[in-house]
Amino acid sequence: MSMNTVPERLAALRAAMQANGVDVYLIPVGDPHSSEYLPDHYTSLTYFSGFHGENSNFVVTMTESAVWADGRYFVQAEKEIAGTEIQLMKMGEPGVPTVEEYCAKVVPEGGKLGLCGLTASCALVNSVKKALETKNAAIKTLFLEDELWTEGRPALPATPAWILPKEYAGFSPAEKLGQLRAKLAELGCTAQLVGKLDNLAWLLNLRAMDIECTPYAMAYCYVTPDRAVLFINTARVTPEAKAELEANGVTLAEYDSVLDFMAAETEPQTVLAESATVNYAVYQVLENNAALTVKDLADPLLPMKGVKNEVELTHDKEAHLRDAVAMVRFQIELEKRLEAGEELTELTVDEILHKYRSTTDKFIVESFGTIAAYGGNAAMMHYHATPEDHAKLQRKGWVLTMSDPNTPALAAKPLHLVQQEFLGFPLPPAFPQHLKGTFRAGLPNGTNTQNAGHGCRQLADPPILRKVVHGFQGKEQMSALTICLDVPVHIVEVGSGAHRRLRFFYEKSDLRPGRQGIHNTNTA
């Protein structure tokens, strides 16, 4: 059977569903480690639906299918699924069912819903399972994505794994393992299977490039009071890294052996496992092993790695300075080339930024693809210029750039800068009104806009964007501009008179957990 188009892939999936006795199949955006950004090997949702996006689920029945997208991807999703049978479920919109509600509606009485336990979090499966109780339906774990997507599927990543030196990390892997064991004891646990790649990278100072722009290695680590077993493709671990890990009390096992290893574990342990991040297959193995008592608690590694030691803070500041030099050089070149009348595009912004960043000492790679958005494109959430679709820059309006580098010092906490630069000469008389409109364009659905005329926005629980307070003097000059946020904002004023420019920066890492999405608004 041909598998070149979405309709053909859906037909093959339905045939496999029927052969395996399931009525509904759920494909989440996910990998075995609950990663935000996925290795290409795990982009099954895109393969079967055609939709490229994060925070999504795809549900297929024998007669219909639907994909969920949040506000960042409404426009993109409509374009990508156009011409197919797939319904777009706009998350958060009135009347739109959740994936759990939809599954409960479409599954028949006493039916079965299939999914891959490795790519679905335990929390997602449990919420779906609860919704299916109204139909007396059950969950069946399958691997249909692996069975059907064979031709042209990217291999599992296996980039060289290395260890971040203590001179950058501040603590050795052995010291961090000791800190984790002490924290587990406080929580009444004796063990943890670490699966989140960012937490694992911090714990063992382990680095690789398995995910684009992200210095992580696909791996697990099982930590007990006297053992630390790293499950990783051992062929990709450099000899130096292997020796360093062994010297820090870490033994190596093959990545694919983790489920069998945990199923065969006989040493009694109370294992911490956070259902929101541990995949369903792993969680089931832990629960089914009589020697293990599972505690569903928040992963202690998240707050542990959030507290920076003095070594990390020192290198953090140094990395900011290095990147500031690259940013200033970028600004100078951009403005000179615009003034010379050269035709520049959003893609040029990315090229110039990469040129200056890549020549700085200790640069590894960008931590995500640079977002450069000119004019109206800056109001589109998650906009990304492509060779086929991009805007030309003009000597008027705003260009928004979102970009950051990965360096050894920032490998666990990348710098994330948002910049807006006004390209016009001079500032327009209606500058404050333009700024207010820019805020309005980027705010998510449900935002209170009652005070729009006064440049004020309120975000519920708790406010991130407080208000915009502006002063205006004359027709062509700004006398004052203050952006009040719950995070530090750096406002840089360059030039004077007709060539006066204001630039705004903030760090994504300063945003509180659960509030990261606000950086996608066109605000600062």
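The structure displayed is predicted, hence computed values, not measured ones.

**Points about the overall build of the protein**
And then number 1: Check the secondary structure of the protein and you find 16 helices and 23 strands.
And then number 2: Considering only residue pairs separated by 6 or more positions, the protein has 64% of its internal contacts joining residues 24 or more positions apart.
And then number 3: Only carbon and sulfur atoms are counted for the fraction: they give 54% of the accessible area of the protein, which is about 22,800 Å².

**Observations concerning the sheet that holds strand S10 (residues 220-223)**
And then number 1: With mixed pairing, the 6 strands of this open sheet are ordered in space as S12-S11-S10-S8-S13-S14. For this open sheet the edge positions go to strand S12 (251-253) and strand S14 (292-295), each flanked by a neighbour on one side alone. Strand-to-strand, the axes of this sheet are offset by a mean angle of 25°, without reference to chain direction.
And then number 2: Direction of pairing for S10 relative to strand S11 (residues 228-231): antiparallel, over a ladder of 4 bridges.

**Overview of the sheet that holds strand S1 (residues 24-28)**
And then number 1: Here we have 6 strands laid out as an open sheet, ordered S4-S3-S2-S1-S5-S6, and mixed in their pairing. Every other strand in the sheet has two partners, leaving strand S4 (87-90) and strand S6 (138-141) as the edge strands with one partner each. Strand-to-strand, the axes of this sheet are offset by a mean angle of 25°, without reference to chain direction.
And then number 2: Strand direction decides the pairing type here: strand S2 (residues 57-61) and strand S3 (residues 65-69), joined by 3 bridges, are antiparallel. In the strand pairing of S3, Val60 is matched with Ser65.
And then number 3: Against the sheet, helix H4 (residues 99-106) touches S1, S2, S3, S4 and strand S5 (112-115), its axis set at about 5° to S2.

**Notes on the environment of Arg207**
And then number 1: Within the secondary structure layout, Arg207 lies in strand S9 (residues 206-207).
And then number 2: In this structure Arg207 comes out as buried when scored by relative accessible area, which is 3%.
And then number 3: Along the chain, Arg207 and Trp162 lie 45 residues apart, while their C-alpha atoms are 5.3 Å from each other.

**Things to note about the environment of Gln284**
And then number 1: If you trace the backbone, Gln284 turns up in helix H12 (residues 280-288).
And then number 2: The partly exposed category is assigned to Gln284, whose relative accessible area is 25%.

**Overview of helix H14 (residues 310-339)**
And then number 1: With 30 residues, H14 should reach 44 Å at 1.5 Å per residue; the first-to-last C-alpha distance of 44 Å fits that figure.
And then number 2: The backbone nitrogen of Val311 has a side-chain oxygen 3.1 Å away, supplied by the residue at the start of H14, namely Asn309.
And then number 3: Positive backbone phi, approximately 85°, marks Gly341, located one or two places after H14.

**Describing H12**
And then number 1: All of the buried residues along H12 are Tyr280, Ala281, Val282, Tyr283, Val285 and Leu286.
And then number 2: N-capping of H12 is provided by Asn279, with a side-chain oxygen placed 3.1 Å from the backbone N of Ala281.

**Quick look at the pattern of salt bridges**
And then number 1: Using the criterion set out here, one finds 18 salt bridges in the structure.
And then number 2: Two residues, Glu333 and Arg337, come together in a salt bridge whose shortest N-O distance is 2.7 Å. Remark: Arg337 and Glu333 occur in helix H14; sequence separation between them is 4 residues, near one turn of the helix.
And then number 3: The class for Arg337 is partly exposed, based on a relative accessible area of 23%.

**What to know about the nonpolar core**
And then number 1: In terms of nonpolar packing, the biggest core is built from 45 residues, with Leu26, Val59, Leu113, Val128, Leu132, Tyr222 and Met262 touching the most fellow members.
And then number 2: What Met262 contacts, discounting residues up to four positions off in sequence, is Leu193, Tyr222, Val285, Leu286, Asn289 and Leu292.
And then number 3: Within the second largest apolar cluster, 28 residues are counted, among which are Ile27, Ala69, Tyr73 and Ile86.

**Quick look at the packing of aromatic side chains**
And then number 1: For the structure shown, the criterion picks out 7 aromatic pairs.
And then number 2: Seen in terms of ring centroids, Tyr222 and Phe261 are 6.3 Å apart; in terms of plane orientation they differ by 70°. Their pairing is edge-to-face. Of this pair, Tyr222 sits in strand S10 while Phe261 sits in helix H11 (residues 258-264), placing them 39 residues apart in sequence.
And then number 3: The ring of Tyr47 is capped by Arg9, whose NZ or CZ atom sits 3.8 Å from the centre of that ring.

**A closer look at the pairing of strand S8 (residues 191-194)**
And then number 1: Of the two faces of S8, the one carrying Ala191 and Leu193 and the one carrying Gln192 and Val194 are both buried.
And then number 2: Across 3 bridges, S8 lies against S10 in antiparallel orientation. Each residue of the ladder has a partner; that of Val194, found in S10, is Cys221.

**Structural notes on the side chain of Ser121**
And then number 1: Mapped onto the fold, Ser121 is located in the loop between S5 and helix H5 (122-132).
And then number 2: Among residues more than four places away in sequence, those in contact with Ser121 are Ser34, Ser275, Ala276, Val278, Asn279 and Tyr280.

**Concerning the pairing of strand S13 (residues 269-272)**
Each regular strand shows side chains that alternate between the opposite faces of the sheet.
And then number 1: Here 2 bridges tie S8 to S13, and the two strands are oriented parallel to one another. Across the sheet, residue Gln192 finds its bridge partner in S13, namely Leu272.
And then number 2: Where S13 and S14 come together, 4 bridges link them in parallel fashion. By the bridge assignment, Leu272 is partnered in S14 with Lys295.

**Thoughts on the confidence of the model for the protein**
And then number 1: Across the protein, the average pLDDT comes to 80, with 76% of residues at or above 70.
And then number 2: In this model, residues 409-418 is a region of pLDDT below 50 whose contacts with residues beyond four sequence positions or in other chains number 51 contacts.

**Considerations on the packing of helix H8 (residues 173-186) against helix H9 (residues 197-204)**
And then number 1: Two numbers describe how H8 lies on H9: the axes approach to 7 Å, and their chain directions differ by 120°. Classified by the interaxial angle, the pair formed by H8 and H9 is oblique. For the pair H8 and H9, the contacting residues are Pro173, Lys176, Leu177, Gln179 and Leu180 in the first and Trp202, Leu203 and Leu204 in the second.
And then number 2: Per-class residue counts for the contact of H8 with H9 are 6 nonpolar, 1 polar and 1 charged.

Definitions and limits used
- For every chain, the first residue of the written sequence is number 1, and numbering continues from 1 onward in sequence order.
- Only residues with pLDDT of at least 70 are given local features in this predicted model, and only at 80 or more are side-chain atom pairs given and counted; all residues enter the totals for whole chains, interfaces and linings.
- Side-chain numbers here rest on the full set of heavy atoms in the structure, without hydrogens or water.
- The helix and strand labels rest on DSSP assignments: H or I over at least four residues marks a helix, E over at least two residues marks a strand, and numbering proceeds from the N terminus.
- Two residues qualify as a contact provided that any one of their heavy atoms is within 4.5 Å of a heavy atom in the partner residue.
- Accessible surface is estimated by sampling points in the Shrake-Rupley manner with a 1.4 Å probe; for residues, cover comes only from the protein chains shown.
- Here a strand pair is declared whenever DSSP counts at least two bridges between the two strands.
- To get an axis, fit a line to the C-alpha atoms, keeping to the stretch in contact for a helix; angles then go from 0 to 180 degrees between the N-to-C directions.
- Note on classification: 1.4 Å probe, protein chains only; a residue is buried when its accessible area is under 20% of the maximum for its type, exposed when over 50%, partly exposed between these limits.
- An expected span of 1.5 Å times one less than the residue number is assigned to each helix.
- Identification of polar contacts relies on pairs of N or O atoms within 3.5 Å, with a donor-acceptor requirement for protein atoms, meaning one able to donate a hydrogen and the other able to accept it, and with residues adjacent in sequence counted only if both atoms are side-chain atoms.
- For salt bridges, the criterion is a side-chain nitrogen of Lys or Arg within 4 Å of an Asp or Glu carboxyl oxygen.
- Only buried residues count toward a nonpolar core. Its members are Ala, Val, Leu, Ile, Met, Phe, Trp, Tyr and Cys residues joined through side-chain atoms within 4.5 Å.
- Ring pairs are drawn from Phe, Tyr and Trp, using the six-membered ring of Trp, whenever the two centres fall within 6.5 Å, and their geometry is named by plane angle: stacked under 30 degrees, edge-to-face over 60, tilted for the rest.
- By the criterion adopted, a ring carries a charge over it if an Arg CZ or a Lys NZ lies within 6 Å of its centre and within 35 degrees of its normal.
- Looking at any residue, its pLDDT shows the predictor's confidence there, from 0 to 100.
- Any angle from 65 to 115 degrees is called roughly perpendicular, while one under 35 is roughly parallel, one over 145 is roughly antiparallel, and all others are oblique.
- In the scheme used here, Gly and all other residues not listed as nonpolar or charged are polar, with Ala, Val, Leu, Ile, Met, Phe, Trp, Tyr, Cys and Pro taken as nonpolar and Asp, Glu, Lys and Arg as charged.

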